[in-house]
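Coordinate inspection notes
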Amino acid sequence: MKVDVMTLFPEMFDGVFQSSILGKAADKGIVSLNAVNFRQYSGNKHSQVDDTPYGGGGGMVLKPDPIFAAVEDLLSSTSAASGSDKDSDTAVVEEVPSVQVAAHQKPPRVILMCPQGETFTQKKAEELAQEEHLVFICGHYEGYDERIREYLVTDELSIGDYVLTGGELPAMVIIDSVVRLLPGVLGNEMSAVTDSFSTGLLEYPHYTRPAEFRGWKVPDILLSGHHANIEVWRREQALQRTWERRPELLESLELTPKDKIFLEKLRASRERENHEG
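How each quantity is defined
Residues numbered from 1 in each chain as written. Predicted model: local features only at pLDDT ≥ 70, side-chain atom pairs only at ≥ 80, totals over all residues. Heavy atoms only, no water. Helix = DSSP H or I, 4+ residues; strand = E, 2+ residues; numbered from the N terminus. Pairing = 2+ DSSP bridges. Axes fitted to C-alpha atoms, helices over the stretch in contact; angles between N-to-C directions. Contact = heavy atoms within 4.5 Å. Parallel < 35°, antiparallel > 145°, perpendicular 65-115°, else oblique. Left-handed = near helix turned anticlockwise from the far one by under 90°. Nonpolar A, V, L, I, M, F, W, Y, C, P; charged D, E, K, R; others polar. Buried < 20%, exposed > 50% of the residue type's maximum accessible area, 1.4 Å probe, protein only. Arc of directions from axis to C-beta.

1. Topic: unusual backbone geometry
Leaving glycine out, the prevailing phi sign among residues is negative, and the prevailing peptide bond configuration is trans. The omega torsion across Arg-209 and Pro-210 is 5 degrees, close enough to zero to call that bond cis. Its location among the elements puts Pro-210 in the loop between helix 7 (190-194) and strand 11 (212-213). A positive phi is found at Ser-47, a non-glycine position, where the angle reads about 55 degrees. Checked against the element boundaries, Ser-47 lands in the loop between strand 2 (32-37) and strand 3 (50-51).

2. Observations concerning the sheet that holds strand 8 (residues 133-137)
Strand pairing in a sheet relies on backbone hydrogen bonds. The paired strands run either parallel or antiparallel. Read from one edge of the open sheet, five strands run 2-1-8-7-10, paired in parallel fashion. The sheet is open, and its two edges are formed by strand 2 and strand 10 (155-158), each paired on a single side. Sheet twist, expressed as the average angle between the axes of neighbouring strands with direction ignored, equals 30 degrees. Where strand 1 (residues 2-7) meets strand 8, five bridges bridge the pair, whose relative direction is parallel. Within strand 8, the residue paired with Lys-2 across the bridge is His-133. Sheet strands in contact with helix 6 (residues 168-179) are strand 1, strand 2, strand 7 (109-119), strand 8 and strand 10, and its direction is about 165 degrees off that of strand 8.

3. Here's the deal with the packing of helix 9 (residues 227-245) against helix 11 (residues 257-276)
When two helices pack together, their arrangement is captured by the angle between the axes and the distance separating the axes. Viewed as axis vectors pointing N to C, helix 9 and helix 11 meet at an angle of 50 degrees, and their least axial separation amounts to 10 Å. By the angle class used here, helix 9 and helix 11 are oblique. For the pair helix 9 and helix 11, the crossing hand works out as right-handed. Seen from helix 9, the contacting residues are Arg-235, Glu-236, Leu-239, Gln-240, Trp-243 and Glu-244; seen from helix 11, they are Asp-259, Phe-262, Leu-263, Leu-266, Arg-267 and Arg-270. Here the contact of helix 9 with helix 11 is composed, by residue class, of five nonpolar, one polar and six charged.

4. Remarks on helix 2 (residues 20-27)
All buried positions along helix 2 are accounted for by Leu-22, Gly-23 and Ala-25. Taken down its axis, helix 2 places every buried residue within 160 degrees of arc, on the same side. Looking at helix 2, the residues exposed on the side facing more than 90 degrees away from the buried face are Ser-20, Lys-24 and Asp-27. Turning to helix 2, the residues buried within the fold contact helix 1 (14-18), strand 2 and helix 6. Positive backbone phi, at 80 degrees, marks Gly-29, one or two positions downstream of helix 2.

Below, the structure written as structure tokens:
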């Protein structure tokens, strides 16, 4: 996978792209990570990439021309590199009208980091992990010229209902979430499968050595060596934790008959406790 980030602050990504899971994935050649300063595409001697909004109002708005130029230059370079020994035909990307890619290439996903965008979820991470090329656009100031939304991007994403200084931190969150799902990135391939939200449930509790710490013991079931019983315990713990902390997740989850029985018993037990209390 290739990941490119359009930003005014590429230095923010140095540590993130070179450390931990992302750094290891890049070292293995599983992912290519790149941050581009789109200020260099401003086209003016003052390197200005923003301007006042038409119609008046506070704040500054990111101009369309530097961002279009940066993305188009990036994708044309990618097309030239990958198509040097292939057919040189180009095709217009339907989702990104202004961008042309080589006919043999899969169109990139051009993602605008934006508080108005679709809320990012694990399901979206799994969807993006199937792509070959992701391009993130990180803004600052008051907002983006609307033509960037209309004619350049394929997705608008937000990581939550709160305001940040810019799109860089949300982009880092999404990139980390997506890259860790790529084959070969995690040491244990089951880690990504059993993470919270991957199954629709919050993850069950984890324990490691020592078996007893300050009088607090690891549940006996985990020391039993009975793998079938351990799996049942983990499923029930995940159900209980989800019911207690994020009950709305259960509404869209397809529960088994055993799951439903366990949850009914759990609800009944809590009702008795509340009544007695």
